[in-house]
Amino acid sequence: VAAKVPGAGGTVILPPMDVMDVGRMSVILDPTGAVVSLWEAKAHQGFGRIREPGAVTWCELITDNPDAAGAFYSAILDVPSAPMDMGPGAHPYTLFGPEDDQSAGIMQKLPEMGPMPNTWGVYFEVANTDEAVAKAQGLGAEVLQPPTDIMPGRFAMLRDPQGAVFGIIKSNWEM
């Protein structure tokens, strides 16, 4: 996959390398400037759980050029990207991944997000967003986006005490 990156408009920052016997990785920069790592599983197969409380449920690229990003990831990963109807007045959103198992999206960076760089983020599934936010605050997290209802569920954005930003969501889909 890393070999496809330059031809699709991206940059390989770290060429493919073995990580002991657990896998093989590469770090790339997409054409919009977002950094992401590629992983080839060996002994470490990746997530054992997904879309259940405590597990990763969604990955999202926030970028100022969703069309270029969608074309890039579709080209290097051989998976489709397609616009998602978010309803009247909503900002454009692109679903990314195999049609039967989409687990990523591409969101247009909004003016109110200020000078933040194009970046990938992760959402963890929770049983109750409001309770999870309260618990996170008690453990030293900063609330960047309070619990908010959106079409896919009730979400919030947090910054942990070490500075990592992540999302949590109680999804509307059945687990």
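As shown above, the structure is provided for reference.
The text that follows walks through the structure, step by step, so that each part is easy to find.

Cut-off values and rules
Residues numbered from 1 in each chain as written. Predicted model: local features only at pLDDT ≥ 70, side-chain atom pairs only at ≥ 80, totals over all residues. Heavy atoms only, no water. Helix = DSSP H or I, 4+ residues; strand = E, 2+ residues; numbered from the N terminus. Rg over C-alpha atoms; globule rule 2.2 N^0.38 Å. Buried < 20%, exposed > 50% of the residue type's maximum accessible area, 1.4 Å probe, protein only. Contact = heavy atoms within 4.5 Å. Salt bridge = Lys/Arg side-chain N within 4 Å of Asp/Glu carboxyl O.

**A few points about the overall build of the protein**
When you go through the protein residue by residue, the secondary structure sums to two helices and eleven strands. Order of helices (α) and strands (β) in the protein, N terminus to C terminus: β-β-β-β-α-β-β-β-β-α-β-β-β. Its C-alpha radius of gyration of 17 Å places the protein within 12% of the 16 Å reference for a compact globule of 175 residues. Reported as C-alpha extents along the three principal axes, the dimensions of the protein are approximately 45 × 40 × 35 Å. Sorting the 175 residues of the protein into buried and exposed places 33% on the buried side. A sequence separation of at least 24 residues applies to 45% of the contacts in the protein between residues at least 6 apart.

**Quick notes on unusual backbone geometry**
Positive phi outside glycine occurs at Met20, with the angle close to 45°. Considering the arrangement of structural elements, one finds Met20 in the loop between β1 (11-19) and β2 (23-29). On the accessibility criterion, Met20 (71% relative accessible area) is exposed. The phi dihedral of Asp78 falls on the positive side, at around 55°, and the residue is not glycine. With respect to the secondary-structure elements, Asp78 resides in the loop between α1 (66-77) and β5 (81-84). Given a relative accessible area of 59%, Asp78 falls into the exposed group.

**Comments concerning the pattern of salt bridges**
Side-chain pairs of opposite charge can arise where the charged atoms are in close proximity. Under the defined criterion, the tally for this structure stands at six salt bridges. With a closest N to O distance of 3.2 Å, Lys42 and Asp18 form a salt bridge. Residue Lys42 is found in the loop between β3 (35-41) and β4 (56-63), and its partner Asp18 is found in strand β1; the two are separated by 24 residues along the sequence. For Asp18, a relative accessible area of 43% corresponds to the partly exposed category. In this structure, Asp149 and Arg154 form a salt bridge, with 3.2 Å as the shortest nitrogen-oxygen distance.

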